[in-house]
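Structural features, examined
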Amino acid sequence: MNTSSATPIADLHAALPTEDEELSHSTAIKSVYVYEAPVRVWHWVNALAITVLCITGYFIGSPLPTMPGEASANFLMGYIRFTHFSAAYILAIGLLGRTYWAFVGNHHARELFSVPLMQRAYWHEMLAMVKWYTFTGPRPGPYVGHNPMARFAMFFVFLFTAVFMVFTGFAMYGEGLQAGSWADKLFGWVIPLMGQSQDVHTWHHMGMWLIVIFAIAHIYAAIREDIMGRQSIVSTMISGFRTFKD
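In this report, the structure presented in the accompanying data block is examined. Since the model is a prediction, treat every value here as computed from it, not as a measurement. (Residues numbered from 1 in each chain as written. Predicted model: local features only at pLDDT ≥ 70, side-chain atom pairs only at ≥ 80, totals over all residues. Heavy atoms only, no water.)

1. A look at the packing of helix H3 (residues 37–61) against helix H4 (residues 76–104)
The contact between H3 and H4 brings their axes to 8 Å, and the two run at 150°. Between H3 and H4, the interaxial angle falls into the category roughly antiparallel. Crossing of H3 against H4: the hand is left-handed. Split by residue class, the contact of H3 with H4 holds 18 nonpolar, six polar and two charged. (Axes fitted to C-alpha atoms, helices over the stretch in contact; angles between N-to-C directions. Helix = DSSP H or I, 4+ residues; strand = E, 2+ residues; numbered from the N terminus. Parallel < 35°, antiparallel > 145°, perpendicular 65-115°, else oblique. Left-handed = near helix turned anticlockwise from the far one by under 90°. Nonpolar A, V, L, I, M, F, W, Y, C, P; charged D, E, K, R; others polar.)

2. Focus: helix H6 (residues 148–177)
Between its first and last C-alpha atoms H6 spans 42 Å; for 30 residues at 1.5 Å apiece the expected length is 44 Å, and the two agree. Most pronounced at Met-154, the bend in H6 amounts to some 30°. With a side-chain oxygen positioned 3.0 Å from the backbone nitrogen of Met-149, the residue opening H6 is Asn-147. One or two residues past the end of H6 sits Gln-178, with phi positive at roughly 80°. (Expected span 1.5 Å × (residues − 1). Bend = angle between axes of the 7 residues up to and from the residue. Polar contact = N/O pair within 3.5 Å; in protein donor to acceptor, adjacent residues only side chain to side chain.)

3. What about the packing of aromatic side chains?
This model, assessed by the stated rule, comprises 21 aromatic pairs. Note on Phe-155 and Phe-156: the rings are 4.8 Å apart at their centroids and 85° apart in plane angle, and the pair reads as edge-to-face. For Phe-156, a relative accessible area of 28% puts it in the partly exposed group. Ring pairs connect the aromatic residues Phe-85, Tyr-89, Phe-167, Phe-170, Tyr-173, Trp-182, Phe-187 and Trp-189, which therefore count as one cluster. The ring of Trp-132 has Arg-224 lying over it, and the distance from NZ or CZ to the ring centre is 4.8 Å. (Phe/Tyr/Trp six-rings, centres within 6.5 Å; stacked < 30°, edge-to-face > 60°. Buried < 20%, exposed > 50% of the residue type's maximum accessible area, 1.4 Å probe, protein only. Lys NZ or Arg CZ within 6 Å of the ring centre and 35° of its normal.)

4. Regarding the pattern of salt bridges
Per the stated rule, a full pass over the model turns up two salt bridges. Lys-245 is the salt-bridge partner of Asp-226, the closest N and O atoms lying 3.9 Å from each other. Of the two residues, Asp-226 sits in helix H9 (residues 197–228) while Lys-245 sits in the segment after strand E2 (241–244), which places them 19 residues apart along the sequence. A relative accessible area of 26% places Lys-245 in the partly exposed class. (Salt bridge = Lys/Arg side-chain N within 4 Å of Asp/Glu carboxyl O.)

Here is the structure:
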């Protein structure tokens, strides 16, 4: 009885392919080194700085209604502002470092700072990406670096907004440091250019929400491409290698 019941199980195990046999029938995976270490470090430090800036900036624009105890015993808003200013320094210095690396890094490091708008092929590929993201067209590519839509969004949405936030943020920071400070000398002209201080505050706050919307779309697109695009996106910003699964 025991021998006859074990025979089918043994036959089943014998029929299973070995790991070498499974690998021999698998699809080849290609890997290309895309993002160098400084670009990857900047990406994650920048993401952390933006997260801190958005959270603290929200509370600066909409402070907590009340705090328990004596006012002299609470410095919460002071800590929030200090954290916000620290993250702003990191963001600004990071952008300067990223600009430097665009000159000394590989050609993928320069994609953040340029979009080939005058090339007919670029707009043809952009239309293909629009159809792909709206589920009305086949999968385009593959692209080793940024795809045309990502390149457009990174330049015209992220980079422009980040620079705008640095200029408006340090202009308001210069008000606190008083006239004649380094921030006032470098960025004080922004306030009269935009009208008055409250106008700068309003546009700076709106810029924060644009960054939040961009971040949501960026994360969605990265995960979507990892799954549907058959290429690594998230892990590429960790290892530096873009892996193509087809």
